[in-house]
Amino acid sequence: MKKLLSIAIAVILALSCTVSAFAVTDTASPDEAKTVESIAIKKLPDKLVYNDDDVTIDEDISFEEIFDTEFALALDLTGAEIEATYSDGSVENVNPDDCAATLVDGFKMSVIFDYLSNMPDEMTEEAYVEWLNGLVEMIYRDYTVEVEYMGAKDTYTIKFEQSTFDPDYPPYEESIYEVVSVKNPDKLYYTKDDIEVDEYDEDENMLWVSYEGLEIVVRNTETGELTTVKYDADDGQYLYIDDIDKKNQTLTVEDWGFATDDSNVENDYFEFSFDVYYNFDKTEPTTAPTTTIKPATNDTVTKSVDNGAIQTGTPTTALILVVLLLSGSAALFFVYRRKIEK
């Protein structure tokens, strides 16, 4: 009986020690305690060169919000090999999809706007090209990308380049559209009551020219099809008036737009112009005239599309900023030609 009791006690003690041993081992598991000490990019991502198409910016962002927006790119870590070193000395590869990538040396959009706002009023063609190159160099350069995983970081370098384009004007292929006729906007005569002071330069006086009522008929030179592009009250352009007191000023509005809404078509643009009248003694006529440029054919189909022209409801410098970053640097050559011709 005593021998049997001794054996039972020995078994109980053995089981107790075993359970205790497992408990201690489970409590002190090194896997739960280890942390990421560092990461290293062993192989760079496949994509190291970016262009205008990779810029990420909300197209619905308001004009006021854009200045505090950080310049950002759709960074792609595909193909990267990232190695993590843990506090227990172990090393393992990390899935790039689990890492965050950001630009270290980006900039706020306000920096570009400040540069554009300080453009001299009078420049030679050579000085303008130099000024424009300064803007390009500010944006198109090398950037540092920071990769972060579980608090650990490493960096690599990418290049941001301009999208490929033909440096000769126009920057796109020759347009397949020609202007057939222009129906002028409803309002052609303006007075001093329409003058606004530039909120960024109190010495500059601006005149908002509304495109409401403007209708432009364009013909597709390949198919003969006619398209009518219509404008509404939100469309227009600011003109700067040097002398707001000068009488009987005739001002020519020049702009360009798109005949379709297809963003993949690069040769569907057209150019147009019309005159407005500032500080005239007489008021405007009741009906805006229609300027016919080319005869329309009767065997073509006419259709109306939503306004495809560039919205110019902000000061010119701000427009350049938005066009540059959203539509690609080729737009700069439109600006360049207009600047030189004035």
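Our structure is the block above this text.
**Student:** Help me out: how do you make sense of the overall build of the chain in this one?
**Tutor:** Counting its regular elements, the chain contains 6 helices and 18 strands. Total accessible area on the chain stands at roughly 20200 Å², and carbon and sulfur atoms take up 49% of it.

**Student:** I tried to follow unusual backbone geometry on my own but got confused; where do I start?
**Tutor:** The phi torsion of most residues other than glycine is negative, and most of the peptide bonds are trans. Of note in this structure, Asn248 is not a glycine but carries a positive phi near 50°. Checked against the element boundaries, Asn248 lands in the loop between β14 (236-240) and β15 (249-258). With a relative accessible area of 42%, Asn248 lands in the partly exposed category. Backbone geometry at Asn279 places phi at a positive 60°, although glycine is not the residue there. Along the chain, Asn279 turns up in the loop between β16 (269-278) and β17 (290-292).

**Student:** What's the story with the nonpolar core in this structure? I'm lost.
**Tutor:** General note: in soluble globular proteins, nonpolar side chains tend to be found buried as a group. The biggest cluster of nonpolar side chains holds 39 residues, and the ones touching the most others in it are Ile39, Phe71, Leu73, Val147, Tyr149, Ile158 and Phe160. Elements with a minimum of two residues in this core: β1 (36-43), β3 (81-86), α3 (109-117), α4 (125-139), β6 (142-149) and β7 (152-160). For Phe160, the contacting residues outside a window of four places in its chain are Tyr50, Asn51, Asp52, Val55, Phe71, Leu73, Ile139, Tyr140, Arg141 and Tyr143.

**Student:** Would you explain the pairing of strand β12 (residues 215-220) in this entry?
**Tutor:** Put simply, side chains in a regular strand alternate between the two faces of the sheet. Across the 6 residues that make up β12, a large majority, 5, are buried. By the bridge criterion, 6 bridges tie strand β8 (residues 177-183) to β12 in an arrangement that is antiparallel. Opposite Ser181, over in β12, you have Val217 as the bridge partner. Strand direction decides the pairing type here: β12 and strand β13 (residues 226-230), joined by 5 bridges, are antiparallel. Bridge pairing in β13 places Val218 opposite Thr227. Taken together, β12 and the strand that follows it, β13, pair antiparallel across an intervening segment of 5 residues, in which Gly224 is found at a positive phi of about 80°.

**Student:** What is the right way to look at the packing of α3 against α4 in this model?
**Tutor:** Each pair of packed helices gets described by two things: the angle between the helix axes and the distance between those axes. Running from N to C, α3 and α4 cross one another at 175°; their axes reach a closest spacing of 11 Å. Taken as axis vectors, α3 and α4 run roughly antiparallel relative to one another. Judged by residue contacts, Val111, Ile112, Tyr115 and Leu116 of α3 engage Trp131, Gly134, Leu135, Met138 and Ile139 from α4. Its residues assigned to classes, the contact of α3 with α4 comprises 8 nonpolar, 1 polar and no charged.

**Student:** Just to check I follow, could you spell out the pattern of salt bridges for this structure?
**Tutor:** Proximity of charged atoms lets side chains of opposite charge pair with each other. Overall, the coordinates contain 10 salt bridges when judged by the stated rule. Asp142 is paired through a salt bridge with Lys159; the nearest N and O atoms lie 3.0 Å apart. Within this pair, whereas Asp142 is found in strand β6, its partner Lys159 is found in strand β7, the two being separated by 17 residues in sequence. On the basis of relative accessibility, which here comes to 36%, the residue Lys159 falls in the partly exposed class. For Asp281, the salt bridge identified is with Lys247, shortest N-O distance 3.5 Å. One end of the pair, Asp281, is in the loop between β16 and β17; the other, Lys247, is in the loop between β14 and β15, and 34 residues separate them in sequence. Judged by relative accessible area, Asp281 falls into the exposed class, the value being 62%. On the basis of relative accessibility, which here comes to 47%, the residue Lys247 falls in the partly exposed class.

What counts, and at which threshold
The numbers attached to residues start from 1 for each chain and follow its sequence in the written order. Residue-level local features of this predicted model are given only where pLDDT is at least 70; pairs of side-chain atoms are given and counted only at 80 or more, and the full residue set underlies all totals for whole chains, interfaces and linings. The side-chain quantities take in all heavy atoms of the structure and omit both hydrogens and water. A run of H or I in DSSP becomes a helix once it reaches four residues, and a run of E becomes a strand once it reaches two; helices and strands are each numbered from the N terminus. Accessible surface is estimated by sampling points in the Shrake-Rupley manner with a 1.4 Å probe; for residues, cover comes only from the protein chains shown. Residue burial is assigned from relative accessible area. The probe radius is 1.4 Å, only protein chains are included, and a residue is buried under 20% of its type maximum, exposed over 50%, and partly exposed in between. Grouping buried Ala, Val, Leu, Ile, Met, Phe, Trp, Tyr and Cys residues that are joined through side-chain atoms within 4.5 Å yields what is termed a nonpolar core. Contacts between residues were defined by any pair of non-hydrogen atoms, one from each residue, lying within 4.5 Å. When DSSP locates at least two bridges between a pair of strands, those strands are taken to pair. What counts as an axis is a line fitted to C-alpha atoms, over the stretch in contact for a helix, and the angles between N-to-C directions run from 0 to 180 degrees. Any angle that falls under 35 degrees is termed roughly parallel, while one over 145 is termed roughly antiparallel, one within 65 to 115 roughly perpendicular, and all others oblique. Each residue is assigned to one class: nonpolar for Ala, Val, Leu, Ile, Met, Phe, Trp, Tyr, Cys and Pro, charged for Asp, Glu, Lys and Arg, and polar for all the others, Gly among them. For this document, the term salt bridge refers to a Lys or Arg side-chain nitrogen within 4 Å of an Asp or Glu carboxyl oxygen.

Read these as spatial facts, not as claims about activity.
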